[in-house]
Protein chains: 2
Amino acid sequence: MKNVFVIGVGLIGGSFALDIKSVYPDTIIYGIDVNKSHLEEALDLGVIDKKASLDQLAEAGLVILAVPVDKAIDLLPIVLDNISDDTVVFDVGSTKQNICKAVNKHPKRRNYLSAHPIAGTEFSGPKAAVKGLFKGKTNIICEVENTAFKLQERVLSFFQSIGMRIRYMSSEAHDQHIAYVSHLSHISSFMLGKTVMDKEKNERDIFDMAGSGFESTVRLAKSSPEMWTPIFRLNKLNVIETLDEYINNLKQFKNYLENDDYDSLFNEMKKTNHIKDILNGLT
Amino acid sequence: MKNVFVIGVGLIGGSFALDIKSVYPDTIIYGIDVNKSHLEEALDLGVIDKKASLDQLAEAGLVILAVPVDKAIDLLPIVLDNISDDTVVFDVGSTKQNICKAVNKHPKRRNYLSAHPIAGTEFSGPKAAVKGLFKGKTNIICEVENTAFKLQERVLSFFQSIGMRIRYMSSEAHDQHIAYVSHLSHISSFMLGKTVMDKEKNERDIFDMAGSGFESTVRLAKSSPEMWTPIFRLNKLNVIETLDEYINNLKQFKNYLENDDYDSLFNEMKKTNHIKDILNGLT
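These figures come from a predicted structure and were not determined experimentally.

Enquirer: How do you make sense of the sheet that holds strand E3 (residues 50-51) of chain A when you look at a structure like this?
Expert: By definition, the strands of a sheet pair up through backbone hydrogen bonds, in either a parallel or an antiparallel sense. Residues and elements named next belong to chain A. Sheet architecture is open: eight strands sit in the order E3-E2-E1-E4-E5-E6-E7-E8, paired in mixed fashion. One side of each edge strand has no neighbouring strand; the edge strands of this open sheet are E3 and strand E8 (165-169). In the sheet, strand E5 (residues 88-91) pairs with strand E6 (residues 112-117) via two bridges, with the strands oriented parallel. Paired with Phe90 across the bridge in E6 is Leu113. Strands strand E1 (4-7), strand E4 (62-65), E5 and E6 of the sheet are contacted by helix H3 (residues 69-82), whose axis makes an angle of about 165 degrees with E4.

Given below as structure tokens:
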């Protein structure tokens, strides 16, 4: 693999960089980031080999665009302007329609692969980068037919070499599904955290009474607002739809409880137990 | 420790039984359970030594009442009727006011310690029992002054020998706090699972797009409706209060999004990041 440029040396960009080093140890990894201290840190940690800037992108075999989704929309056209014919670029953003729309008429559209690796932790920055983050994880590839076949192959074989399974989808379908299966979870976590913190003025009480159940439901409330605000903005209509459904379900649950309808409460919970089988892939 | 009787040989009762065996290897552990196949299973697995019935309770040094909270309210008076003066009984239920009220005039009230060990997994039944489940976990003890001092000592030293930290609280305060820090999480998980399952008719999409974030927020949706319906019923008013707050917070979030108020969205999430420090005990 020729030179790799990682734009955004955080959790995701950094983790891909580490995996590239494992699979292609001779590849030089260049880092680009507006956050200068993150860039230094990434260099110190050995996550990247050299610092670079956007005007060097013609030297790249692969460019990984791993910045918040609103920055990605601004940057991708500029990246495509700067690469050579043989460079492939992929992004990692959690919303796909807007970014695809931003470049669908770009002369180098076929050099871009629209990806969403379903992997991460609640941590951020270059020190959050881990090797093997993507192993066994799914990568959602959108509008694959709009990427040049030879360039597809290069990127997809890299994904497969680090243990990812590939799933193809339209960007529209991606944004609809991911609103339910990811974006809503983050909001539910944030609002659960807020609800508990607003009520429990004495934080000792939270600490003492919090079991692993509570911890797992608020885990995502540690996520980065810098990353998530643009995601919600760019997937606004789908996210609002999920919130409407979720709020209605909670109100319905509350109604059952107010009306002492414990059979209905029981049945709703019983039906939802089935999620265990789905997540275990036992459908 | 003289004979121990475990009423309800599920996850919690079974796990305490395993810990008793570790700390007091010569103690005989008797199991009582209306579910005969659970009782057999607990015997086969070595979680209990013998099967027993309620009329044998006078032989007990310690009785552990680990059944759903509504059953506990019915059973505790009968248990207290049957024990000797030197027996101590503790329960493990997730709601405390009702059970304390049910026995506060009982002649043997002082033989009862009202406890809520903050520990568990989403699994159920004797095969879910694990050794060391309670290590490092908090046990909330309510109305401790209503338990005879000598009997308190016996139970509390057992809890400490298996690594639990003790926190004292009134049963009223317990039920208020636990509604926020535990009961609401379970409802949020169940309703998140329901929302996703109702929308995602093709379960493959859930499986493909579910990351560890989604999995952690719906983990509690695998919980037992048999256990949780009575908990919500017996803590109804507090739970409804938490649902009101949570629903309002979600609606507010939705409003910010509808009105493109991204500064407010950002700030709410930023404030909630603080939960990380609270859970790490860094307040």
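Enquirer: So what exactly am I meant to see when it comes to the packing of aromatic side chains here?
Expert: Each aromatic ring pair is specified by the distance between its two centres and by the angle formed by the two planes. Residue and element names in this part refer to chain A. Counted according to the given criterion, the structure contains 21 aromatic pairs over all chains. Ring geometry for Phe16 against Phe158: centres 6.1 Å apart, planes inclined by 50 degrees, an arrangement best described as tilted. Here the residue Phe16 occupies a position in helix H1 (residues 11-23), and Phe158 occupies one in helix H5 (residues 149-161), the gap between them amounting to 142 residues. Residue classification places Phe16 among the buried positions, given a relative accessible area of 0%. Phe158 gets classed as buried once you look at its relative accessible area, which sits at 0%. With a centroid separation of 5.6 Å and an interplanar angle of 40 degrees, the aromatic rings of Trp228 and Phe232 are classed as tilted. A residue pair is termed a helical-turn pair when its members lie 3 or 4 positions apart in one helix, as Trp228 and Phe232 do in helix H9 (residues 225-234) at four residues.

Enquirer: What is the right way to read the interface of chain A and chain B from this model?
Expert: Bring the parts together and some accessible area is lost; that lost area is often taken as the interface size. Contacts between chain A and chain B engage 88 residues on the former and 88 residues on the latter. A buried area of about 9,100 Å², summed over both sides, lies between chain A and chain B, and 68% of it is on carbon and sulfur atoms. Inspection of the region where chain A meets chain B yields 16 salt bridges. A salt bridge links B:Lys254 to A:Asp244; its shortest N-O distance comes to 2.5 Å. On inspection of chain A and its partner chain B, the count reaches 40 residue pairs in polar contact (both at pLDDT 80 or more). Ranked by residues supplied to the side of chain A that touches chain B, first place goes to helix H6 (residues 171-199) of chain A with 19 residues.

Enquirer: Help me out: how do you make sense of the sheet that holds strand E7 (residues 138-142) of chain B in this one?
Expert: Residues and elements named next belong to chain B. In spatial order, the strands read E3-E2-E1-E4-E5-E6-E7-E8; together these eight strands make up an open sheet with mixed pairing. Strands with a single pairing partner mark the edges of an open sheet, and in this sheet they are strand E3 (50-51) and strand E8 (165-169). The sheet contact formed by strand E1 (residues 4-7) and strand E2 (residues 29-32) spans four bridges and is parallel. Each residue of the ladder has a partner; that of Ile7, found in E2, is Ile32.

Enquirer: What's the story with the pattern of salt bridges in this structure? I'm lost.
Expert: Any two side chains of opposite charge can pair, so long as their charged atoms come close to each other. Considering all chains together, one arrives at 42 salt bridges over all chains under this definition. Each of A:Arg165, A:Arg167, B:Asp205 and B:Asp208 takes part in one network of salt bridges that share partners.

Enquirer: Would you take a moment to explain the packing of helix H3 (residues 69-82) of chain B against helix H9 (residues 225-234) of chain B for this structure?
Expert: Residues and elements named next belong to chain B. It is the contact of H3 with H9, at a shortest axis distance of 7 Å, that shows an interaxial angle of 75 degrees. The angle between the axes of H3 and H9 places the two elements in the roughly perpendicular class. Taken together, the residues of H9 that come into contact with H3 (itself represented by Val69, Asp70 and Ile73) are Pro230, Ile231, Arg233 and Leu234. Tallied by class, residues from the contact of H3 with H9 come to five nonpolar, no polar and two charged.

Enquirer: Would you mind going over the relation of the copies chain A and chain B with me for this structure?
Expert: Mapping one chain copy onto the other needs a rotation about an axis and a shift along that axis. In the superposition of chain A on chain B (RMSD 0.0 Å, axial shift 0.0 Å), the rotation amounts to 180 degrees. Each copy turns onto its partner about a two-fold axis. For chain A, the minimum C-alpha distance to the rotation axis belongs to A:Thr217 and amounts to 2.2 Å. Taken as a fraction of all interface residues of chain A, those also at the interface in chain B reach 100%, which identifies the copy contact as same-surface.

Enquirer: Sorry, what's going on with the environment of A:Phe207 here?
Expert: Among the structural elements, A:Phe207 can be located in helix H7 (residues 203-209). Take A:Phe207: its relative accessible area is 29%, and that puts it in the partly exposed class. In this structure, A:Phe207 is in contact with B:Ile278, B:Leu279, B:Asn280 and B:Gly281, ignoring residues within four places of it in sequence.

Rules behind the numbers
- Residues numbered from 1 in each chain as written.
- Chains lettered and ligands numbered in written order.
- Predicted model: local features only at pLDDT ≥ 70, side-chain atom pairs only at ≥ 80, totals over all residues.
- Heavy atoms only, no water.
- Pairing = 2+ DSSP bridges.
- Helix = DSSP H or I, 4+ residues; strand = E, 2+ residues; numbered from the N terminus.
- Contact = heavy atoms within 4.5 Å.
- Axes fitted to C-alpha atoms, helices over the stretch in contact; angles between N-to-C directions.
- Phe/Tyr/Trp six-rings, centres within 6.5 Å; stacked < 30°, edge-to-face > 60°.
- Buried < 20%, exposed > 50% of the residue type's maximum accessible area, 1.4 Å probe, protein only.
- Buried area = accessible area lost by both parts, 1.4 Å probe.
- Salt bridge = Lys/Arg side-chain N within 4 Å of Asp/Glu carboxyl O.
- Polar contact = N/O pair within 3.5 Å; in protein donor to acceptor, adjacent residues only side chain to side chain.
- Parallel < 35°, antiparallel > 145°, perpendicular 65-115°, else oblique.
- Nonpolar A, V, L, I, M, F, W, Y, C, P; charged D, E, K, R; others polar.
- Least-squares fit on C-alpha atoms with pLDDT ≥ 70 in both.

So, to be careful, I would describe these as geometric facts and stop short of saying anything about function.
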